[in-house]
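Below are the chains, spelled out letter by letter.
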Amino acid sequence: MKEPKEKKNGAEVAAGAGGEGLFASCSFSDLGLHPFLCQHLRDKMGFEFPTQIQAQAIPVVVSGRHVLVNAATGTGKTIVYLAPIVHLLQMYEPRVQRSDGTFALVLVPTRELCMQVHGVLQKLLHCFHWIVPGYIMGGENRAKEKARLRKGISILVATPGRLLDHLKNTSSFNYTNLHWIVFDEADRILELGFGKAVEEILDFLGSRQADHVCKQHMNTKSAKFSRQNLLLSATLNDKVNHLANISLENPIMIGMDCKKDSAVPLKLSLGDAVGGDLEGVGALSSQLTENYNLPSQLVQRYVKVSCGSRLVVLLSILRFAFERETSQKIVVFFSTCDAVDFHYSLLNKFKWSPKLQPEANQEQKIVGCRSFHLHGNMEHEDRRKAFHEFTSEKSALLLCTDVAARGLDFPKVRCIIQYDSPGEASEYVHRVGRTARLGEKGEALLFLQPVEIDYLHDLQHHGVSLKEYPLQKIIDSFSVHGQKHHNKKLISLETHPWVLFLQKTLETFISTESKLKKLANDAFCSWVRAYTAHRGELKRIFMVKKLHLGHVARSFGLKDQPSLVGRSHQIESKKRKRDQKKAISFKRRKSS
Ligand SMILES: Nc1ncnc2c1ncn2[C@@H]1O[C@H](COP(=O)(O)OP(=O)(O)OP(=O)(O)O)[C@@H](O)[C@H]1O
């Protein structure tokens, strides 16, 4: 098979053209991409200029070097690897065919990201119809995936677990021509515990670097052709360093200069500098975690709320935001799946009458738009539906866990609310990265309890500083019994008539809805568990012993004593474990 010719990097990268330093002053054709592809990017996808990171990285990827890319969120990293792969693959002569099997493999951490990358790939391939895109991921029908793999997929997007499954069990999966392996959001893949799976995958594909090859696993179906591996990661740490060491050969590192206000990206050839060993990455990682590059147009604020008033404040802020701007999208992050389920159900069920008139037509939901939820414990189909529908809605609210924190590109998200704190500062950056993408406006709001306020110093340490949100003004804008709070005297949030009124209304409502109450109980228990799970330095800020469990219960609209809530949850989970044990021993009896 003919290999594509190497192109020279003639691209001039500079800030300014096309949008506030995000875009390069060159065109996609200056980067050496095929004219059809450039035209398609411009006319069909609306990409006039490459972003800075695209201008830096595309020529290097086209040149065939292994690459490690580290860049800010929402800067167009997907095109960094997809465009060169499509460009190089369309030049193959004779043309690639389905029977040639898979040429490029893109590994991603989550199902949603898998669907998203596949979507971009499909769009890119409209002008090269003979190159077939496809995806495999957890939750999908294995038999259907096997059939698709048998037919042949030229560029395959996959989650690690399911890919490994097919490598082991699908004999018709042809990867003898595999040339590219891409790890997108590599840090997240590793954080999710896929490290071992990824190493096994590399062994299966015969793509571990020479010194590290585990011969016993070396597969005869692979390794006939030279490989080009690409690793994209927002953070560099020991695990990413290890993956880079075992998967990249003499790589070029491309990333943003970690120093603030620097417009020109940093390009560092680690391969040349340290002879193929990425010791340098470790040293660099500590620098990179010092400061994060966040979009300058992103408005970042925090709101200081005592624990017992959190729920009322969240609902008030959401109502205020959607009243101010009816057509917008907001994402709210929670620490646990149970918390997402509870708040989602509450928002859908709870109705209240602003004028306290009992007629049904006076009753309103807190937010008028559609709400969605997304977390890892949902049924696969529900997850898929929520992802697609929230993507296409113009005005909507998404309640989610960190499953949506990485890589997802929901268009037009105006505001990110971190109702539960993100923990590591890097996670903060990823969550807020779902808004203010590629020069668009965006706001981020972080909820903190007064005892957690030191978290702001932690963020500041990473170059992230937040201003206080004008909560009093928003709370004062709500009326109780048709009257607004006009008293100029400052009263505490906890004794504000609106807060007292809504809290009481919520507690009464939840106490009469048995399903919702159960969700609240579960959410309370898992929230406390998640709070205790903060690690390292963060334990000093998020101290469980400083929590008032009665106030935590209030934040889930519960009147019950927290100890009762805890006990009933323990009884429930013991029952669940007993049932699970019974089911397993029943299965064993059946199969033996
Ligand atoms: N050259 C370009 N011109 C205009 N828009 C672009 C360009 N490249 C990418 N985009 C758009 O920018 C958005 C962000 O791209 P992408 O999701 O690839 O960013 P990312 O860097 O991978 O983000 P994250 O770090 O959050 O994963 C997408 O909506 C994409 O369509």
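Residues numbered from 1 in each chain as written. Predicted model: local features only at pLDDT ≥ 70, side-chain atom pairs only at ≥ 80, totals over all residues. Heavy atoms only, no water.

A. Molecular detail of the overall build of the protein chain. The secondary structure content of the protein chain amounts to 22 helices and 19 strands. With 592 residues in all, the protein chain has 54% of them scored as buried. Long-range pairs, those at least 24 residues apart, make up 73% of the contacts in the protein chain with a sequence separation of at least 6. Total accessible area on the protein chain stands at roughly 26,600 Å², and carbon and sulfur atoms take up 51% of it. (Helix = DSSP H or I, 4+ residues; strand = E, 2+ residues; numbered from the N terminus. Buried < 20%, exposed > 50% of the residue type's maximum accessible area, 1.4 Å probe, protein only. Contact = heavy atoms within 4.5 Å. Areas by Shrake-Rupley, 256 points an atom, 1.4 Å probe, with all protein chains shown as cover.)

B. How the structure looks around the site of the ligand. Not every one of the 20 residues close to the ligand is listed here, only the nearest: Phe49, Gln54, Lys77, Thr78 and Asp409. In this structure, Gly74 approaches the ligand through a main-chain N or O atom, which is 2.8 Å from an oxygen atom. At 2.8 Å from an oxygen atom of the ligand is found a side-chain nitrogen or oxygen belonging to Arg437. Here the ligand has 640 Å² of accessible area as a free molecule, and 86% of this is covered by the chains. Classifying every residue of the shell around the ligand gives seven nonpolar, eight polar and five charged. (Near = heavy atom within 4 Å. Polar contact = N/O pair within 3.5 Å; in protein donor to acceptor, adjacent residues only side chain to side chain. Nonpolar A, V, L, I, M, F, W, Y, C, P; charged D, E, K, R; others polar.)

C. Main features of the confidence of the model for the protein chain. Within the protein chain, residue pLDDT values average 84, and 79% of them lie at 70 or more. Every residue in residues 1-19 scores below 50 in pLDDT, and together they form 46 contacts with partners more than four places removed in sequence or on other chains. Confidence over residues 256-290 falls short of pLDDT 50; this stretch has 74 contacts with residues more than four positions distant or in other chains. Under the prediction, the complex receives an ipTM of 0.99, its pTM being 0.82. (pLDDT = per-residue confidence, 0-100.)

D. A look at the nonpolar core. One finds Val332, Leu346, Leu397, Ile417, Tyr428, Phe447 and Trp498 to be the most contacted residues of the largest nonpolar core, which totals 79 residues. Sort the elements by how many residues they give to this core and helix α12 (residues 310-324) lands first, with nine residues. Apart from the residues lying within four places of it in its own chain, the contact partners of Tyr428 are Gln300, Gln418, Pro422, Ala444, Leu446, Tyr455, Leu459, Val464 and Leu466. By size, the runner-up hydrophobic cluster in this structure holds 72 residues, among which are Ala55, Val80, Ile131 and Ile252. (Core = buried A, V, L, I, M, F, W, Y, C linked by side-chain atoms within 4.5 Å.)

E. Summary view of the packing of aromatic side chains. According to the stated counting rule, one finds 17 aromatic pairs in the structure shown. For the pair Tyr531 and Phe542, a centre-to-centre distance of 5.9 Å together with 85° between the ring planes defines the contact as edge-to-face. Note that Tyr531 is positioned in helix α19 (residues 514-532) and Phe542 in the loop between α20 (538-541) and α21 (549-554), a separation of eleven residues in sequence. Positioned over the ring face of Tyr419 is Arg310, at 4.0 Å from the centre of the ring. Above the face of the Phe390 ring, Lys329 is positioned so that its terminal group lies 5.0 Å from the ring centre. (Phe/Tyr/Trp six-rings, centres within 6.5 Å; stacked < 30°, edge-to-face > 60°. Lys NZ or Arg CZ within 6 Å of the ring centre and 35° of its normal.)

F. Quick peek at the state of the cysteines. Evaluated as defined, the whole model comprises zero disulfides. Of all cysteine sulfurs in the structure, the one in Cys38 sits closest to Cys26, which takes part in no disulfide; the separation is 10 Å. Residue classification places Cys26 among the buried residues on the basis of a relative accessible area of 4%. Looking at Cys114, it has no disulfide partner, and the nearest cysteine sulfur is the one in Cys400, 19 Å off. A relative accessible area of 0% means that Cys114 is categorised as buried. (Disulfide = S-S within 2.5 Å.)

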